[in-house]
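# Chain and residue survey
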Amino acid sequence: MTTVTISSIIDAPVEKVWARIRDFNGLPSWHPRMVESHIEDGKSATETGCVRNFTLASGPKIREKLTAFSDEDFLVSYSIIEHPAPISNHSSTLKLHRVTDGDRTFAEWTASFEAPDGEADKIADGMGANVFQGGFNALQEHFTGKS
């Protein structure tokens, strides 16, 4: 099992950051690598078990299932159902924490997955840098005008 964890401080109150990211179907509204998304079967984007189907800016489509959602804990967890990379047994959590010093947000995005030998580190590096840190950079730029 391979694990990747990326964290960042976002210069905005946790409620504002959560309001921006809480919509499981809303990736294209805040993440620059995502261009289109829809929830399958007409379910709510906060309903555990809903499946989002989205397209990356580079073209591939990904399907993910919401496994946990909490407005109270500022948390969303999901698993990948379909992905172009050779991964399985995937689980990710994006969680926000209040930083009282300066009314900022500590954001942490983790994932664990299995991949073929020789592929796991490359996939983890890409996921960490492009998806997780790329999302945090976009949030920071949105709230402060700088990345």
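You'll find the structure just up there.
Report follows, based on the coordinates.

What counts and how
- Residues numbered from 1 in each chain as written.
- Predicted model: local features only at pLDDT ≥ 70, side-chain atom pairs only at ≥ 80, totals over all residues.
- Heavy atoms only, no water.
- Helix = DSSP H or I, 4+ residues; strand = E, 2+ residues; numbered from the N terminus.
- Rg over C-alpha atoms; globule rule 2.2 N^0.38 Å.
- Buried < 20%, exposed > 50% of the residue type's maximum accessible area, 1.4 Å probe, protein only.
- Contact = heavy atoms within 4.5 Å.
- Areas by Shrake-Rupley, 256 points an atom, 1.4 Å probe, with all protein chains shown as cover.
- Lys, Arg positive; Asp, Glu negative; His and termini not counted.
- Charge placed at Lys NZ, Arg CZ, Asp CG, Glu CD.
- Arc of directions from axis to C-beta.
- Phe/Tyr/Trp six-rings, centres within 6.5 Å; stacked < 30°, edge-to-face > 60°.
- Core = buried A, V, L, I, M, F, W, Y, C linked by side-chain atoms within 4.5 Å.
- Expected span 1.5 Å × (residues − 1).
- Bend = angle between axes of the 7 residues up to and from the residue.

### A look at the overall build of the protein
- Within the protein one finds three helices and seven strands.
- Sequence-ordered secondary structure for the protein, helices as α and strands as β, is β-α-α-β-β-β-β-β-β-α.
- Rg of the C-alpha trace for the protein: 15 Å, near the compact-globule value of 15 Å for 147 residues, within the 12% margin.
- Projected onto its principal axes, the C-alpha coordinates of the protein cover approximately 45 × 35 × 25 Å.
- Among the 147 residues that make up the protein, the fraction classed as buried is 45%.
- Partitioning the contacts of the protein with sequence separation of at least 6, the portion at a separation of at least 24 is 47%.
- Accessible area for the protein stands at about 7,300 Å²; split by element, carbon and sulfur atoms hold 45% of it.
- For the protein, the distance from the average position of its 14 positive side-chain charges to the average position of its 21 negative side-chain charges is 5 Å.

### Digging into helix α1 (residues 14-21)
- Buried residues of α1: Val14, Val17, Trp18 and Ile21, and no others. Viewed along the axis of α1, the buried residues span an arc of 100 degrees, placing them on a single side of the element. Away from its buried face, by an angle of more than 90 degrees, α1 presents the exposed residues Lys16 and Ala19.

### A look at the packing of aromatic side chains
- Inspection of the entire model under this criterion finds six aromatic pairs.
- Taking the centre distance of 5.6 Å and the plane angle of 40 degrees together, the rings of Trp18 and Phe69 count as tilted. Here the residue Trp18 occupies a position in helix α1, and Phe69 occupies one in strand β4 (residues 61-70), the gap between them amounting to 51 residues.
- With a relative accessible area of 4%, Trp18 lands in the buried category.
- Where Phe24 meets Tyr78, the ring centres are 6.2 Å apart and the plane angle is 50 degrees; that geometry is what we call tilted. Of the two residues, Phe24 is situated in the loop between α1 and α2 (27-30) and Tyr78 in strand β5 (residues 75-82); the sequence distance between them amounts to 54 residues. Judged on exposure class, the residue Phe24 and its partner Tyr78 are both buried.
- Every member of this aromatic cluster is reached through a ring pair, and the members are Trp30, Trp109, Phe132 and Phe136.

### So, the nonpolar core
- Judged by nonpolar contacts, the single largest core of 37 residues is most densely connected at Phe24, Leu96, Met127, Phe132 and Phe136.
- It is helix α3 (residues 120-144) that provides the largest number of residues to this core, a total of six residues.

### Remarks on α3
- For α3, spanning 25 residues, the distance from its first C-alpha to its last is 34 Å, which sits close to the expected 36 Å at 1.5 Å a residue.
- Within α3, the axis deviates most sharply at Gln133, by approximately 35 degrees.
- For α3, the complete set of buried residues consists of Ala120, Ile123, Ala124, Met127, Gly128, Phe132, Gly134, Gly135, Phe136, Ala138, Leu139 and Gln140.
- As for α3, its buried residues are in contact with β1 (2-10), α1, α2, β5, β6 (88-99) and β7 (104-114).
- Positioned one or two residues after α3, Gly145 has a phi angle of 80 degrees, which is positive.

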